[in-house]
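Residues per chain, in single letters:
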Amino acid sequence: HAKALGKNRFCYFVPSIQAIFAERLQLGHDLRSAMAQGQLDVYYQPIVDLATGHIVKAEALVRWHHPRRGWISPAQFIPIAEDIGLINGIGDWVFRRAAGMAKRLWESGCSGTPAGAPLQISINKSPRQFFTGHAHETWIDHLQEIGLPAECIAIEITEGLLLDERPDVTSKLQQFRRAGVQVSLDDFGTGYSAMAYLKRLDIDYLKIDQSFVRDMTSTPSDRAITEAIIAMSHKLGLRVVAEGVETREQRDLLSAAGCDFGQGYWFSRALPEDEFFKLLQRWPD
Ligand code: C2E
Ligand code: MG
Ligand code: MG
Ligand code: MG
């Protein structure tokens, strides 16, 4: 009987592991043709200035509509794209789309402030893209080609990237900033968060991860951490974006703590290009 049970257990685990690999393999295979078949799109989620309520930026987020499976999260397919060598192609494609959107916003006079500063589009950059290829140069060249001021673009990088402390990563970041492209440190607090990086790195914004924001209204320690990150960032001359703002209460607490910007479902989800334009039109001034 024990033997039969063991056998059953054996049978229970093996196919599930196989299924995970098969699924990854299948998704990777489908992803290769997804771009050419027009299944990828870029959505835009507003980032609001908490002091004025204006939409001053937007984050570009890639979307994949699979013909059979429907929407697949970038949290699922970006790591696959990194593993199978598709991230440079997808990353460049997203960058061009998002830069085109920034140009459209800029030309139509949509600005992020009453003073007319351009609405900035923030684009995620995968760590792998920093290690291989010359994306930074290609991207900076592309902005010149389309005649878009670099201040209309920001790059988001995650902490994990910095832990490697590769000198080429730092120099690529510097190249962006020298060209006038701003840099955001994404998902702050989820990685190793070594304070030394903040001191050494050339960055403009820090994005507090949504896990802190989610619990800050219920858990005093998350609130304390969030407030401390904001205060520390300001002392270092960085501005702070809070991710995952879902309630009025969270927004108010962040505002009271002096947080500069908020992003989350409380304001809006990520929207297709045209819907983002409509949102801007009806957004209260
Ligand atoms: P991220 O860069 O931290 O992006 C923020 C994620 O939080 C987005 O998920 C966004 O839809 C979600 N979000 C925004 N507001 C809220 C909220 O109020 N509540 C909750 N629960 N979630 C909220 P999304 O679009 O599924 O993207 C997931 C991750 O995939 C991104 O995290 C980013 O790491 C990666 N990603 C997305 N687009 C790209 C891309 O074009 N290139 C690269 N390399 N990575 C991307
Ligand atoms: Mg991001
Ligand atoms: Mg983030
Ligand atoms: Mg995140």
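Keep in mind that this is a model prediction, so the values were computed, not measured.

J.: How would you explain unusual backbone geometry if you had to name every residue and give the values?
T.: The backbone phi angle of Asp187 is positive, close to 55 degrees, even though this residue is not glycine. Given a relative accessible area of 24%, Asp187 falls into the partly exposed group.

J.: Help me get a handle on the packing of helix 3 (residues 87-107) against helix 5 (residues 135-146), residues and values and all.
T.: Put simply, helix 3 and helix 5 touch, their axes get as near as 11 Å, and they point 30 degrees apart. By the angle class used here, helix 3 and helix 5 are roughly parallel. Crossing of helix 3 against helix 5: the hand is right-handed. On the side of helix 3, the interface is formed by Gly91, Asp92, Phe95, Arg96, Ala99 and Lys103, while helix 5 contributes Ala135, Thr138, Trp139, His142, Leu143 and Ile146. Partitioning the contact of helix 3 with helix 5 into residue classes produces six nonpolar, three polar and three charged.

J.: I'd like a description of helix 10 (residues 220-235), backed by residues and values.
T.: With 16 residues, helix 10 ought to run about 22 Å at 1.5 Å a step, and its terminal C-alpha atoms sit 23 Å apart, in line with that. Listed in full, the buried residues belonging to helix 10 are Asp222, Thr226, Ile229, Ile230 and Ser233. Looking down the long axis of helix 10, one finds its buried residues gathered within 95 degrees of arc, a one-sided arrangement. Of the residues in helix 10, the exposed ones pointing more than 90 degrees away from the buried face are Pro220 and Lys235. Backbone geometry just downstream of helix 10 places Gly237 in the positive-phi region, at approximately 80 degrees.

J.: Would you mind going over the side chain of Ser268 in detail, with residue names and values included?
T.: Looking at the secondary structure, you find Ser268 in the loop between strand 9 (261-262) and strand 10 (271-272). Sequence-distant contacts of Ser268, defined by excluding residues within four places in its chain, comprise Gln45, Pro46 and Leu279.

J.: Go over the nonpolar core with me, naming the residues and quoting the values.
T.: Of all hydrophobic cores here, the largest spans 73 residues; its most connected members are Tyr44, Ile121, Ile153, Leu254 and Phe276. For this core, the leading source of residues is helix 3, giving nine residues. For Ile121, the residues in contact, after removing those within four places along its chain, are Tyr44, Ala58, Ala60, Ala98, Met101, Ala102, Leu105, Cys152, Ile153 and Ala154.

Calculation rules
- Residues numbered from 1 in each chain as written.
- Chains lettered and ligands numbered in written order.
- Predicted model: local features only at pLDDT ≥ 70, side-chain atom pairs only at ≥ 80, totals over all residues.
- Heavy atoms only, no water.
- Buried < 20%, exposed > 50% of the residue type's maximum accessible area, 1.4 Å probe, protein only.
- Axes fitted to C-alpha atoms, helices over the stretch in contact; angles between N-to-C directions.
- Helix = DSSP H or I, 4+ residues; strand = E, 2+ residues; numbered from the N terminus.
- Parallel < 35°, antiparallel > 145°, perpendicular 65-115°, else oblique.
- Left-handed = near helix turned anticlockwise from the far one by under 90°.
- Contact = heavy atoms within 4.5 Å.
- Nonpolar A, V, L, I, M, F, W, Y, C, P; charged D, E, K, R; others polar.
- Expected span 1.5 Å × (residues − 1).
- Arc of directions from axis to C-beta.
- Core = buried A, V, L, I, M, F, W, Y, C linked by side-chain atoms within 4.5 Å.

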